[in-house]
Amino acid sequence: MGKYHDLAEKIVANVGGKENINSLTHCITRLRFKLKDESKANDDNLKNMDGVVTVMKSGGQYQVVIGNHVPHVYEDVVEVAGISGGSSSEEDEGSTNIFNKLIDVISGCFQPFLGALSACGMLKGFNALFLYLKLYEAGSGTDVFLTAVGDSIFYFMPILIGLTAARKFKVSEFTGIAIGAALVYPTIQASALGTGEPLMTLFQGTIIESPVFIRILGLPIIANNYTSSVVRVILVVWFAKYIQKFAKKIIPEIVQTFLVPFFTIVISMFFGFLLIGPIITFATNILGAGFTALYDFSPALMSVVVGFFWQPLVIFGLHWSLIPLAMINLSTLGFDTILAASFSASFAQTAVVIAMYFKLKDKKLKELCIPAVISGFFGVTEPAIYGLTLPKKKPFVISMIGAAIGGLITALFGAKSYVMGGLGVFGFVNHINTETNDVSHMIGQFVAVGVAMVFSFVVTMFFWKDDTVVEETPELPTDGVNVRKETIQSPIEGQIMPLSTAKDQAFAEGILGKGVLIHPTKGEVIAPFDGTVMTLFPSKHAIGLVSDNGLELLIHIGLDTVQLNGEDFTAHVKQGDKIKRGQKLVSFDKEAIEAAGYSVETPVIVTNSADYLDIIDSDKKDVCNDDDLLTVLV
């Protein structure tokens, strides 16, 4: 349920109900309904509703003016009304490559519970420290308590990811929770990973040989351990998105409340256990065979590759392809070099986060660094990966390179692990030869970790720049003792008119902010200050800017020109771009727009005008791009 769900329900009810809605789009400030019968809409209720600015009727549309957060209200209205919106996204989905989309999905799924993830990671680390210091015995009540609390969020990760992935993919939240819970349900886990003789073995004799302990409707289910998994549950919820969408189309509305979740959960989980989970298992087996061949070819090269790819493998749950190889080495040779090669990865990741702490501009992210570093030193890097380095991309790659260097040094020293024991700082002792008490392999790991950390820290400090837009407002020039001012150049050449003369009531009454109206003589919008493109609507008829000093400006080219769907408009920037005063932002064909029957009068509005003492209009009748249009006093 979205943040504006209650408001959405009231809006739908007061436009005549979902059955009165033919279609819905939104522009930069308002919901644009096409209603079957506008007389069924309750104008007065809507105008007096908290969260609604006013109501407009223009161009065959019933417009509910919301403000800058209209995209979020739109999403909830679409969900409440059970309709397909005509234009809901301000982002071109094809503009982002698959790799970036995947990173955004994974990191986005972790964002809501990063604080809890960091807290549990710290608990795991401190518990390991206290056990090492023998403050209490393993298996004691204190150990059980801290282990349960610390492991909880990691063990039941699919349930949390089920919830956040559901929000990401617009699936019912409780459906997402049910999917995650089913993956870690104890009976399913015990059956799928049963001991003893399997019912059958699929693909016997191949690298994807898979034991089967249970069947569903007679079909074999390949054994999988879903606890702590991430990618599997994201894929199942993504698949559930399409099942839910199809179910809503074919199931009568009167019974959708329970039948849509029923079929969504049953079908998605059936294919999740039957196909999606096994696909990851097959990939794990194939990788295992590949690493075995690489190890036979060159142990040193194997160490570099393992170090470099260890963290991405953990993200996708594919690191299990290496664990069996390490266990075989320990049982047959008495030592292992595979896990030794991956040992520097968590430390490289931690060193990158330390450097990020000094360079991050976002105070909330900076606060996450400290707990992420603490848990990272104890070998728990999920908070660092999902909350900090992966979303920023470049720091994550730097940590991969640092881990690869650590793996190479491990190979050069011939460092080996002799037990599968503690993680992080407690893992150093895993490299002591228990038979001879030889500590040379541990010393080799100290060198490898040290070099990996120094490299990762230095490269992040000198070669990574945080591109986050700073929210803080710098000092403006002062006039007098207590008043500061900022001038805004005219973004459009033309004739200035009072905003009250606008044909659109919402603009004319100053509901959306203070400003002026320009009748353009030239079809260009120029940056009026240095700042950032905050919003650029897909139809290119409106652009929202924020200056480096925090002033928010809306330039709305023409009235109802959203209906042109971008025709006669050309954008020279995109949302999120940094801009310089005088830079061309948008071009528009003034004559063609007017020939199509639309007015090109352009409101230029300070949307956060309430933050300022006053906004003074220019006293000129005609302005060029070099002329001052507005002066704001702080």
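- Within an unreviewed UniProt entry, the label attached to the chain reads PTS system sucrose-specific EIIBCA component, and the organism entered is Enterococcus pallens ATCC BAA-351.
- For the record of the chain, the UniProt heading Function (unreviewed entry) holds the text "The phosphoenolpyruvate-dependent sugar phosphotransferase system (sugar PTS), a major carbohydrate active transport system, catalyzes the phosphorylation of incoming sugar substrates concomitantly with their translocation across the cell membrane. This system is involved in sucrose transport."

**A short note on the nonpolar core**
Step number 1: Formed by 54 residues in total, the largest nonpolar core has its most connected members in Phe110, Ile161, Tyr386 and Leu388.
Step number 2: When residues of this core are assigned to domains, at least three fall in each of domain 2 (136-286) and domain 3 (298-463).
Step number 3: Not counting chain neighbours up to four residues away, the residues in contact with phenylalanine 110 comprise Leu117, Met157, Ile161, Val230 and Tyr386.

**What to know about the sheet that holds strand E21 (residues 622-623)**
Step number 1: One open sheet accounts for eight strands, arranged E17-E13-E14-E15-E19-E11-E10-E21; its pairing is antiparallel. What marks the edges here is a single partner per strand, and that holds for strand E17 (578-579) and E21.
Step number 2: The pairing of strand E15 (residues 552-556) with strand E19 (residues 602-606) spans three bridges and is antiparallel. Bridge assignment links leucine 554 to a residue of E19, and that residue is isoleucine 605.

**Here's the deal with the sheet that holds strand E12 (residues 524-526)**
Step number 1: Spatial strand order, E12-E18-E16: three strands in an open sheet with antiparallel pairing. Sheet topology places E12 and strand E16 (569-571) at the edges, where each strand pairs with a single neighbour. For this sheet, the mean angle separating the axes of adjacent strands, direction not counted, is 15°.
Step number 2: With three bridges joining them, E16 and strand E18 (residues 584-588) adopt antiparallel strand pairing. Bridge pairing in E18 places phenylalanine 569 opposite phenylalanine 588.

**Description of the pairing of strand E7 (residues 219-222)**
Step number 1: Relative to E7, strand E6 (residues 210-216) runs antiparallel, the two sharing four bridges. Residue pairing across strands places valine 212 opposite isoleucine 222, the latter belonging to E7.
Step number 2: Here E6 folds back onto E7, and the loop between the two strands holds two residues, one of which, leucine 217, carries a positive phi near 55°.

**Some thoughts on helix H11 (residues 256-297)**
Step number 1: Helix length check: H11, at 42 residues, gives a terminal C-alpha distance of 58 Å against a target of 62 Å (1.5 Å per residue), a fit within 8%.
Step number 2: Glycine 272 marks where H11 bends most, by close to 50°.

**Some remarks on a nonpolar patch on the surface**
Step number 1: Taken together, the side chains of Leu408, Leu412, Phe413, Val439, Ile443, Phe446, Val447 and Val451 make up a nonpolar region of the molecular surface, amounting to roughly 690 Å² of accessible area.
Step number 2: Of all the elements in the fold, those that place two or more residues in the nonpolar patch are helix H18 (394-413) and helix H19 (440-463).
Step number 3: The element that contributes the greatest number of residues to the nonpolar patch is H19, accounting for four residues.
Step number 4: Looking at the element boundaries, phenylalanine 413 is found in helix H18.

Quick notes on the rules
Residues numbered from 1 in each chain as written. Predicted model: local features only at pLDDT ≥ 70, side-chain atom pairs only at ≥ 80, totals over all residues. Heavy atoms only, no water. UniProt positions renumbered as here; feature names shortened; annotations may be inferred. Core = buried A, V, L, I, M, F, W, Y, C linked by side-chain atoms within 4.5 Å. Buried < 20%, exposed > 50% of the residue type's maximum accessible area, 1.4 Å probe, protein only. Domains from an automatic or database assignment. Contact = heavy atoms within 4.5 Å. Pairing = 2+ DSSP bridges. Helix = DSSP H or I, 4+ residues; strand = E, 2+ residues; numbered from the N terminus. Axes fitted to C-alpha atoms, helices over the stretch in contact; angles between N-to-C directions. Expected span 1.5 Å × (residues − 1). Bend = angle between axes of the 7 residues up to and from the residue. Patch = residues over 30% accessible without salt bridge, like charges linked within 9 Å, V, L, I, M, F, W, Y side chains within 5 Å. Areas by Shrake-Rupley, 256 points an atom, 1.4 Å probe, with all protein chains shown as cover. Salt bridge = Lys/Arg side-chain N within 4 Å of Asp/Glu carboxyl O.

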